[in-house]
Amino acid sequence: MVNGKQELAITRPIGSSSGGARDVRRHPMRPPGLPWVLPALVVTMGVIYYGIGYTGNVSLFNWNGLSDNPPNIGIKNYQGILADPVFWQALEHTIVFFVVVVVVQTALGFIFAVLLHSPIRFAVLYKIIIFVPVVLAPAVMAPVFRQIWAVDGPINRLLGDVGLGALEQPWIAQSSTSLAVIISIQVWEFTGLTFVLYYAAMGQIDSTVLEAARIDGAGNIRIILSIIWPDVRGTTVALAMLTAIGSLKTFDIPYLVTAGGPNYSTEFLGTYIFRISIPQAHVGYGAALSVLLLILALTMAIMLQARGREKEGPAV
Amino acid sequence: MHARFGARSGRRLVAGLAATALAGVGLVGCSPSGSRSSSTNEGSATSGNLVWWGWSPQIGPAQEFITAFNKKYPNIKITYKLVTLDGWDAALRPALASSSGPDLYGISPGPKVANYGDQAVDMTSAIKASLGSDWKSKVTPLDYVPQMYTSSGKLVGAGVGTSDGGSLWINKTLFDKYKLTPPKTLKEWTSDCAVFKRNGVTCYVQGAAQAAFDRDHLQAISNSIKPGVWTAASKGKAKWTDPTIVHALTVWKSLFSNGIMQPGAIGAMQFPDAQNQFFKGNTATILMGSWEVQYSSKRGMAAAQAAAGVATPKPFVMIPIPYPSVTGTSAPDYSMYGDVDYAVAVNSKSKHIAAAKTFAAWLGTTQAGQQAIANSLGSFPSLLSVKPDWSAVGLVDPSVQQAPIQALIDAAGKITEPRLGILSQDMTNAVGVAATTVGAGQATPAQAAKTLQDTFDAGK
């Protein structure tokens, strides 16, 4: 049974209300919205925004995290960061990491999704195999990858066994290859997520469009490039945004596999913030790095979102 | 719709950022710390429930210490929590900032006294009550005493023992198997390594990704060239660009090309990678300090081998030797450096300060507490009068091990150079970077030495 109030709620056009206050006045029985959102609002404002504000405040001090009355040094932490080569190195690693991960993960995820939309045997098994790494914790996998890429690990043994011994490397012990190892682990771990999102997005494509294209003589490649790829643009943008923000926040894999080394060659902003704030006890400097990380993440998200909207077409 | 996103979402975003900024502005100028209120009532000195955090000792020895302590103080119950050294700062800092941190926590000289000394209770009166007003003459070495004072003059604890570096540990079983004698010079070490390599044995293992152990090794090399220069540079009385330190970095670089350093050392950690590799039994040498003595016993060796993943532990004989002479002019003596291993500090926010002081003073200053420390072999005891009870230790082969280990203990009693006590965390980090960049060929020894001096100057 539908009562009058519910009917009203259902039939009222979306967007016709110009303010909650007027609704309440018009329908006194309707519960106000504020109590419902208040817990979330308190948590959000109290934890997240207060935390951000607190971090911003700490960034103005030369503080070890414990001492009383640390000196306020204004923006000197920020000036120090801009002149800090490790910060720029970490930023460069983040950019390289983002670009490579986005390109490789997108390509692999898209290809896997296309292939598994085809009628192939054991499709369910393949889906499971592709997705399983997503649910494995980096902390569980890090020791495994340290072993795999060790000097006497399986990768080097395999190279030796197939006659490519000259290519054997101390992969995670040299600056020239350590970042590539970190990127490979990230790709291994999260391609499954890209695949799942593309797979779902492709399921939404109208099959009649594909059939029409085939009738018009389009081949597989043409259909993929001209119909499927444009139709999943929204997914691609979302994945790029997630990867960009994830790249800025990257911490667990480099910390657990290489500890940001050797010689800062796998240092990311997240690992650098930890190194500076915790072992080296420059909590104010670390807070300033965190503030810059937040600004970078917001800027990146806005840019990608705006870029994605532009590509979708003119505003309506 | 898209235009709406641009305008409305933009406004929301700006509003959100403004709120964030306001939250920050509201705090600007406010000191991020609160005042630290210490308990005025110290409670009973003979009863209470205490929580003790430490990265050392391990769980087993800690329980033995507590059991021995409870024989005299049965009404003080202590719960020990082992925290990994890597996670120590991340765990302890917020704990001490809160009002629910541990009653007792481990503290060692240098950065830890600098960072956590202010949160500790002054232990001077408790130590004097236990050892008398001439207590400083009863602990060893005398030079270590100042390490446990904060810059404001507070004594944060009585060191339970000493931790000393500069010794090379060898797998004597492997040396005997291949009829090799322990190396006295760098040349002999290189020659031994060639033999081990031919037989599929790793000669030496180091976790060069862990800065503290690179610092240990460089100090050992530097002392082999000219004792005292490293310490003088650490104190600002010599330059880090001193020819001795440049020479030490050059020798360090040579270890990567002369077959001593294992491939991949720069990506390995000393704990657990190098340590585990040594205890698997197929590595001949490792640079470790006095703390390695605890693994010389059958029980310690079995635990270390089990931790290294050895399915059927088979103890081998390990002994310490002086670091080989890099100048090759004479057989080396121990040229060691060391600090207080750790002291047990009492949290000034504890509700059981008196009971906590009782335990901290018992472990660091009494015959019974120090005997427990000595027999664990984890540290060399601070009290001059206490020696390990070898009959209770259970070495793998006392006839081979006891003499060299006693020689190490005797050498440790004469140490005058600090290990970690006077280097800041920033400098230790810089030494790690210098060592790995030189080892990887990314910097020359002279360039690396200059970065050390620059970091030292920046920290003044």
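Preceding this section is the structure that the text describes.
All residue numbers here refer to positions counted from 1 along the written sequence of the relevant chain. Just so you know, chain letters begin at A and ligand numbers begin at 1, following the order they were written in. Owing to the predicted nature of the model, reporting of local features is limited to residues with pLDDT of at least 70; listing and counting of side-chain atom pairs is limited to 80 or more, with chain, interface and lining totals taken over all residues. Excluded from the side-chain calculation are hydrogens and water; included are all heavy atoms of the structure.

Caption draft 1: Representation of the overall build of chain B within the structure. Regarding its fold elements, chain B presents 18 helices and 11 strands. In terms of overall size, chain B behaves like a compact globule, its C-alpha atoms giving a radius of gyration of 25 Å where 460 residues would be expected to give roughly 23 Å. Principal-axis analysis of the C-alpha atoms places the extent of chain B at approximately 75 × 70 × 50 Å. Looking at chain B as a whole, 55% of its 460 residues are labelled buried. Considering only contacts in chain B between residues 6 or more positions apart, those separated by 24 or more positions represent 75%. A 1.4 Å probe and the Shrake-Rupley method give the accessible areas. Residues count as covered only by the protein chains that appear here. Roughly 18500 Å² of accessible area belongs to chain B as shown, and the carbon and sulfur atoms make up 56% of that amount. Secondary structure elements follow DSSP: runs of H or I no shorter than four residues count as helices, runs of E no shorter than two count as strands, and numbering proceeds from the N terminus. In this treatment the radius of gyration is a C-alpha quantity, and the globule benchmark scales as 2.2 Å times the residue count to the 0.38 power. Exposure categories follow from relative accessible area, calculated using a 1.4 Å probe and restricted to protein chains: below 20% of the type maximum is buried, above 50% is exposed, and the middle band is partly exposed. Contacts are assigned to residue pairs that have any heavy atoms within 4.5 Å of one another.

Caption draft 2: Main features of the packing of aromatic side chains. Residue and element names in this part refer to chain B. Aromatic pairs are defined between Phe, Tyr and Trp rings, using the six-membered ring for Trp, whenever the two ring centres lie within 6.5 Å; interplanar angles under 30 degrees are classed as stacked, those over 60 as edge-to-face, and all others as tilted. Throughout the structure, instances matching the rule amount to 31 aromatic pairs over all chains. Consider the rings of Trp189 and Tyr323, whose centres lie 5.7 Å apart with planes at 90 degrees: the pair is edge-to-face. Residue Trp189 is located in helix H7 (residues 186-198), and its partner Tyr323 is located in the loop between strand E8 (318-322) and strand E9 (337-340); the two are separated by 134 residues in the primary sequence. Note on accessibility: Trp189 and Tyr323 belong to one class, buried. A ring pair is formed by Phe359 and Trp362, whose centres lie 6.2 Å apart and whose planes are at 25 degrees; its orientation type is stacked. A residue pair is termed a helical-turn pair when its members lie 3 or 4 positions apart in one helix, as Phe359 and Trp362 do in helix H13 (residues 353-365) at 3 residues. Phe359 sits in the buried class, given a relative accessible area of 0%.

Caption draft 3: Spotlight on the state of the cysteines. All names here are of chain B. The disulfide definition used here is simple: a pair of cysteine sulfur atoms within 2.5 Å. For the structure shown, the criterion picks out 1 disulfide over all chains. A sulfur-sulfur separation of 1.9 Å characterises the disulfide bridge that pairs Cys193 with Cys203. Disulfide Cys193 to Cys203: torsion about the S-S bond roughly -60 degrees, handedness left-handed. Taken together, the residues span a long stretch of sequence, with Cys193 in helix H7 and Cys203 in strand E6 (residues 202-205) at a distance of 10 residues. On the basis of relative accessible area, Cys203 is assigned to the buried category, the value being 5%.

Caption draft 4: Empty space enclosed by the protein, seen in detail. Residue and element names in this part refer to chain B. Every definition here rests on a 1 Å grid over the protein atoms only: cavities are sets of points where a 1.4 Å probe fits but cannot get out, pockets are open sets enclosed by protein on both sides within 12 Å along at least five of seven lines, and lining residues have some atom within 4 Å of a point. Grid points are joined across faces, edges and corners, and a volume is the space filled by probe spheres set on the points. In this structure the tally under the stated criterion is 1 cavity of 30 Å³ or more. Considering only enclosed or pocket space, the largest cavity measures out at about 150 Å³ in volume. Lining the largest cavity are 18 residues, with Trp135, Val139, Val145, Ala158 and Gly159 sitting closest to its centre. Elements supplying a minimum of two residues to the lining of the largest cavity: helix H5 (124-131) and H13. Polar here means any residue other than Ala, Val, Leu, Ile, Met, Phe, Trp, Tyr, Cys and Pro, which are nonpolar, and Asp, Glu, Lys and Arg, which are charged; Gly is therefore polar. The residue inventory of the lining of the largest cavity, partitioned by class, reads 11 nonpolar, 7 polar and no charged.

Caption draft 5: Just the sheet that holds E6(B), in detail. All names here are of chain B. A pair of strands is treated as paired once DSSP finds two or more bridges between them. Spatially, 4 strands are ordered E6-E7-E5-E8 in an open sheet, and the strand pairing comes out mixed. The open sheet is flanked by E6 and E8, the only strands paired with a single partner. Ignoring strand direction, the axes of neighbouring strands in this sheet form an average angle of 25 degrees. Strand direction decides the pairing type here: strand E5 (residues 167-171) and E8, joined by 5 bridges, are antiparallel. Each bridged residue has a counterpart across the sheet, and for Asn171 the counterpart in E8 is Met318. Contacts from helix H11 (residues 270-279) reach E5, E6, strand E7 (283-288) and E8, with the element oriented near 145 degrees to E7. An axis is simply a line fitted to the C-alpha atoms; with a helix, the fit covers only the stretch in contact. Between two such axes, the angle follows the N-to-C directions and lies from 0 to 180 degrees.

Caption draft 6: Focus on the pairing of strand E4 (residues 161-165) of chain B. Residues and elements named next belong to chain B. Counted residue by residue, E4 has 5 buried out of 5 residues, so it is predominantly covered. Of the two faces of E4, both are covered, the one formed by Gly161, Ser163 and Gly165 as well as the one formed by Thr162 and Asp164. Where E4 lies against strand E11 (residues 380-381), 2 bridges are found, and the strand directions are antiparallel. Note on E11: the bridge partner recorded for Thr162 is Phe380. Where E4 lies against E9, 4 bridges are found, and the strand directions are antiparallel. The residue bridging Thr162 from the neighbouring strand is Val340, located in E9.

Caption draft 7: Spatial organisation of unusual backbone geometry. Each neighbour pair has its own omega, and for A:Gly261 with A:Pro262 the value is -5 degrees, a cis peptide bond. Tracing the chain through its elements places A:Pro262 in the loop between helix H13 (252-257) and helix H14 (269-277). With an omega of 10 degrees, the peptide bond between B:Phe271 and B:Pro272 qualifies as cis. Its identity is not glycine, yet A:Tyr264 carries a phi of approximately 65 degrees, on the positive side. The topology assignment puts A:Tyr264 in the loop between H13 and H14.

Caption draft 8: Main features of the pattern of salt bridges. When a carboxyl oxygen of Asp or Glu lies within 4 Å of a side-chain nitrogen of Lys or Arg, that pair is called a salt bridge. One pass over the structure, following the stated rule, counts 9 salt bridges over all chains. Measuring nitrogen to oxygen at the nearest pair gives 2.6 Å for the salt bridge that ties A:Glu267 to A:Arg275. Pair check on accessibility: A:Glu267 and A:Arg275 agree, each one buried. A salt bridge links B:Lys138 to B:Asp134, with the shortest nitrogen-to-oxygen separation between them at 3.6 Å. Salt bridges linked by common partners bring B:Arg215, B:Asp216 and B:Arg419 together as one network.

Caption draft 9: Fine view of the side chain of B:Lys357. All names here are of chain B. If you trace the backbone, Lys357 turns up in helix H13. In this structure Lys357 comes out as buried when scored by relative accessible area, which is 12%. Ignoring anything within four residues of it in the chain, the contact list for Lys357 reads Glu42, Val121, Asp122, Met123, Ser125 and Val346.

Caption draft 10: Seen up close, the packing of helix H8 (residues 211-225) of chain B against helix H17 (residues 425-439) of chain B. Residue and element names in this part refer to chain B. As a packed pair, H8 and H17 sit with axes 8 Å apart at the nearest point and diverge in direction by 75 degrees. Judged by the inter-axis angle, H8 sits roughly perpendicular to H17. Across the interface between the two elements, Ala211, Ala212, Asp214, Arg215 and Leu218 of H8 pack against Thr428, Asn429, Val431, Gly432, Ala435 and Thr436 of H17. Looking at the contact of H8 with H17, its residues break down into 5 nonpolar, 4 polar and 2 charged. Note that the term roughly parallel is reserved for angles under 35 degrees, roughly antiparallel for angles over 145, roughly perpendicular for angles of 65 to 115, and oblique for everything else.

Caption draft 11: Structural context of the sheet that holds E9(B). What the 3 strands build is an open sheet, ordered E9-E4-E11 (chain B); its pairing is antiparallel. Each having just a single partner strand, E9 and E11 of chain B make up the two edges of the open sheet.

Caption draft 12: Representation of the environment of B:Ala308 in the model. All names here are of chain B. Inspection of the secondary structure puts Ala308 in the loop between helix H12 (298-307) and E8. The spatial distance from the C-alpha of Ala308 to the C-alpha of Ala97 is 36 Å, given a sequence separation of 211 residues. Setting aside its immediate chain neighbours within four residues, Ala308 contacts Asn276, Phe279 and Lys280.

Caption draft 13: Spotlight on helix H2 (residues 59-72) of chain B. All names here are of chain B. Helix span, expected: 1.5 Å multiplied by one less than the number of residues in the helix. The end-to-end C-alpha distance of H2 is 21 Å, a good match for the 20 Å that 14 residues give at a rise of 1.5 Å each. Within the sequence span of H2, burial applies to Pro61, Ala62, Phe65, Ile66 and Phe69. Here the buried residues of H2 occupy an arc of 140 degrees about the axis, which is enough to place them on one side. An arc is given here, and it is the one of the directions from the helix axis to the C-beta atoms.

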